[in-house]
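Summary of the model geometry
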Amino acid sequence: MSDAIFQIGADGIDTEAIVAEIRATVAQKTKEGVYADSRIGRAERFNLMNFKNEEDFLPFYLDCLKDAVFVDINDFEIYERRARLARPLVVLKKYIWKILKFYTYRLWSQQNQVNGLLLTAVENIETRYRSKISALEKRVAELEQNATGNSGS
Amino acid sequence: MNTAKRIAFVCPRFAEGGTVGGAETLLRNLATQAAKAGQQVTFLTTCATSHVSWTNTLPPGRKSFDGVDVHFFPVDQDRNEGAFLHAQQSICSQRKATLDDEAEWVDNGVHSSELYAHLDTHREDYDRIIMGPYLFGLVYKASTIIPEKTVLVPCLHDESFAYLDCTRNLFERVRTIMFNAQPERALAERLFNVPREKSHVVGMGLDPVNIKALTDSPMLPPQYIIYCGRRETMKGTPLLTDYLTVFRQRTGRDIRIVFTGSGSIEAPDILRSAITDLGFVSEAHKHAAMAGAVAFCHPSVNESLGIVILESWLCGTPVLVHAISDVLRDHCARSGGGLWFRNYPEFEESLTLMLDRKDLNQAMGEAGRKYVQEEYSWERVTQKMFHALDA
């Protein structure tokens, strides 16, 4: 963000300009993948209802969905905070995880496949209808312009 | 010149003790200020304290509060609560409810025949009747008794009930409408074509806060944001706790959150240790907590005034609000006292800026304070109210 925008002038602070600068920064960082984070997708769950009447609800919703759609089923570091018996507890936990993974991996990977397919389908539908609506709006505008031109002549 | 000397206020509940609500507090404060200004003020309300059960818990009769003559009338007990809830559900689930739904909703809402009879009998005793908020059957019915003298304080939000025909009728029927903020007036103009000459932005005044006197502070964390008020989904508190959790995880900053007010706090377990819940506290303690915060965060999208952000500014603390709320965003833009976000990334950037740029943060707090002192002093608000009553 440029510092110039955050100067405190004699007339006060132009918070509209600051917010515009913040939005530009967010747009840039989003392109760079800074906000591609599943935690953000999950944090937006309560925000989605706020956008239900907004034109940009669906793209925003899909962005969140993209970040949250896949269940993390990979291995993770297993540790034990209690110093006493730490090693045997870690071994036990690893063993439990191994069994759980054996029984659940197939289920969760199928779920991830379904989630991914559903998301792709919704994205395709959204893109297709958005372009169709855009073309229709353009056509209506042309027809209206022609009608105005004809009635004027 | 104040030509309206005898003023009646009508509100389904009276703000006293445990009965707390933004609209109720607003109407009571306006009544108190009108009485202080020398007007003859009567407050007509019900014996109910709960806006859910509407049970008559207070004794009927008259009582004086701060120079205001308060009349408590019993709520009619013949309402069909099931029909009311059913109609309310239909209205909330669709933007355009049927006329039957609307009739069920109004008829089975809160009513007081004795209050209506009093208004009818004393129609010549009052120059103006100020009533609100718009959401209650009692206000809808009371406004039909002497509409030519009725002044509505709607506390209007962009919600399903605002789109009902009965709401439109109410706005069309009354003599004058007093709004809390410019965006609320703009919403009414958009929905009901309210003519400019009958609408006025008045709001509520705030008493100055003496921060220097606030030394007896509760135990507070070193660096925190604050939220004061009801904790519920409609107010956006779960969104706030989710955002702060992710903010702490992503940035590694140990910024905490302080809550005052009522209701349980819905938050991820991982955030629990970073939450300080002060519950109900005195005004002085609330202001002390506000004064020490990095920012007051108000994630609610349905506010008609946003009293708490005005209080926060009086304490010199800038605010961070949800952009969807036209009212809160408008306050921030006009005052220069805060920032607004639409989503998590904007929240993260805004809060980071507020944490990193202390000079800017302090200047925003000062700008907010100046705005409240100029626009929301009681002197200014009372002036605007009398102007609206005389119009």
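Residues numbered from 1 in each chain as written. Chains lettered and ligands numbered in written order. Predicted model: local features only at pLDDT ≥ 70, side-chain atom pairs only at ≥ 80, totals over all residues.

This part covers the overall build of chain B. Helix and strand counts for chain B come out as 14 helices and 14 strands. Relative to the globule expectation of 21 Å for 391 residues, the C-alpha radius of gyration of chain B, 21 Å, shows essentially globular dimensions. If one aligns the C-alpha atoms of chain B with their principal axes, the spans along those axes are about 65 × 45 × 40 Å. Relative to its 391 residues, chain B shows a buried fraction of 51%. Pairs at least 24 residues apart make up 65% of the contacts formed inside chain B by residues separated by at least 6 positions. (Helix = DSSP H or I, 4+ residues; strand = E, 2+ residues; numbered from the N terminus. Rg over C-alpha atoms; globule rule 2.2 N^0.38 Å. Buried ≥ 20, exposed ≤ 12 C-beta atoms within 10 Å, placed from the backbone. Contact = placed C-beta atoms within 7 Å.)

This part is about the overall build of chain A. Across its full length, chain A holds four helices and zero strands. By residue count, 8% of the 153 residues in chain A fall in the buried class. Across chain A, contacts joining residues at least 24 apart in sequence account for 57% of those joining residues at least 6 apart.

Quick look at the packing of helix α1 (residues 15–31) of chain A against helix α12 (residues 344–356) of chain B now. Interhelical geometry of α1(A) versus α12(B) gives an angle of 120 degrees and a closest axis separation of 9 Å. Relative to α12(B), α1(A) is oriented oblique. Crossing of α1(A) over α12(B) shows right-handed handedness. For the pair formed by α1(A) and α12(B), the contact residues are A:Ile22, A:Arg23, A:Thr25, A:Val26, A:Lys29 and A:Thr30 on the first element and B:Pro345, B:Glu346, B:Glu349 and B:Ser350 on the second. Tallied by class, the residues present in the contact of α1(A) with α12(B) amount to three nonpolar, three polar and four charged. (Axes fitted to C-alpha atoms, helices over the stretch in contact; angles between N-to-C directions. Parallel < 35°, antiparallel > 145°, perpendicular 65-115°, else oblique. Left-handed = near helix turned anticlockwise from the far one by under 90°. Nonpolar A, V, L, I, M, F, W, Y, C, P; charged D, E, K, R; others polar.)

Residue and element names in this part refer to chain B. Strands sit in the order β11-β10-β9-β12-β13-β14 across an open sheet of six strands; the sheet is parallel. If you trace the sheet from one side to the other, it starts and ends with β11 (275–277) and β14 (338–341), each paired once. Between one strand and the next, the sheet's axes are offset by a mean angle of 25 degrees, whatever the strand orientation. (Pairing = 2+ DSSP bridges.)

With that settled, consider the sheet that holds strand β3 (residues 61–65) of chain B. All names here are of chain B. In space, the eight strands of this open sheet follow the order β3-β4-β2-β1-β5-β6-β7-β8, with mixed pairing throughout. What marks the edges here is a single partner per strand, and that holds for β3 and β8 (199–201). Strand-to-strand twist across the sheet, computed as the mean angle between neighbouring axes with direction ignored, equals 25 degrees. The pairing of strand β1 (residues 6–10) with strand β5 (residues 128–131) spans four bridges and is parallel. Counted as the bridge partner of Ala-8 is Ile-129 from β5. Sitting on the sheet, helix α1 (residues 22–36) touches β1, β2 (40–46), β4 (68–73) and β5, and the angle it makes with β2 is about 160 degrees.

A pair of packed helices can be characterised by two numbers: the angle between their axes and the separation between those axes. Residue and element names in this part refer to chain B. Across the interface, helix α2 (residues 81–93) lies against helix α3 (residues 99–107) with an axial gap of 8 Å and an inter-helix angle of 135 degrees. Here α2 lies oblique to α3, going by the angle between them. Two packed elements cross with a definite hand, and for α2 against α3 that hand is left-handed. Seen from α2, the contacting residues are Ala-83, Phe-84, Ala-87, Gln-88, Ser-90 and Ile-91; seen from α3, they are Asp-101, Glu-104 and Trp-105.

As a further point, take the domain arrangement of chain B. All names here are of chain B. Segmentation of chain B into domains returns domain 1 (6–205 + 377–390) and domain 2 (211–375). One C-alpha centre belongs to domain 1, the other to domain 2; they are set 30 Å apart. Between domain 1 and domain 2, the contact holds 14 residues from the first and nine residues from the second. Looking at which element gives the most residues to the side of domain 1 that touches domain 2, the answer is helix α7 (residues 182–192), with three residues. (Domains from an automatic or database assignment.)

With that settled, consider the nonpolar core. Residues B:Phe9 and B:Ile226 are the most contacted members of the largest nonpolar core, which totals 126 residues. Filtering out sequence-adjacent residues up to four positions away, B:Phe9 remains in contact with B:Leu27, B:Ala31, B:Val41, B:Phe43, B:Leu44 and B:Ile130. (Core = buried A, V, L, I, M, F, W, Y, C linked by C-beta atoms within 7 Å.)

On the chain B side, the residues contacting the 25 residues of chain A number 29 residues. For the side of chain A that touches chain B, the elements supplying multiple residues, two or more each, are α1 and α2 (38–43) of chain A. Per-element tally for the side of chain A that touches chain B: the top contributor is α1(A), with ten residues. For the side of chain A that touches chain B, the per-class residue count stands at twelve nonpolar, six polar and seven charged.

Side chains of residues three or four places apart in an α-helix project in the same direction, reflecting 3.6 residues per turn. Residue and element names in this part refer to chain B. Every buried residue of α7 is listed here: Pro-183, Glu-184, Arg-185, Leu-187 and Ala-188. Looking at the buried residues of α7, the elements they touch are α6 (165–173), β7 (176–179), β8 and α11 (326–335). Just downstream of α7 lies Asn-193, where phi reads positive at about 50 degrees.

Here chain B averages 90 in pLDDT, and 96% of its residues register 70 or above. Interface confidence in the predicted complex, given as ipTM, is 0.80; pTM for the same model is 0.75. (pLDDT = per-residue confidence, 0-100.)

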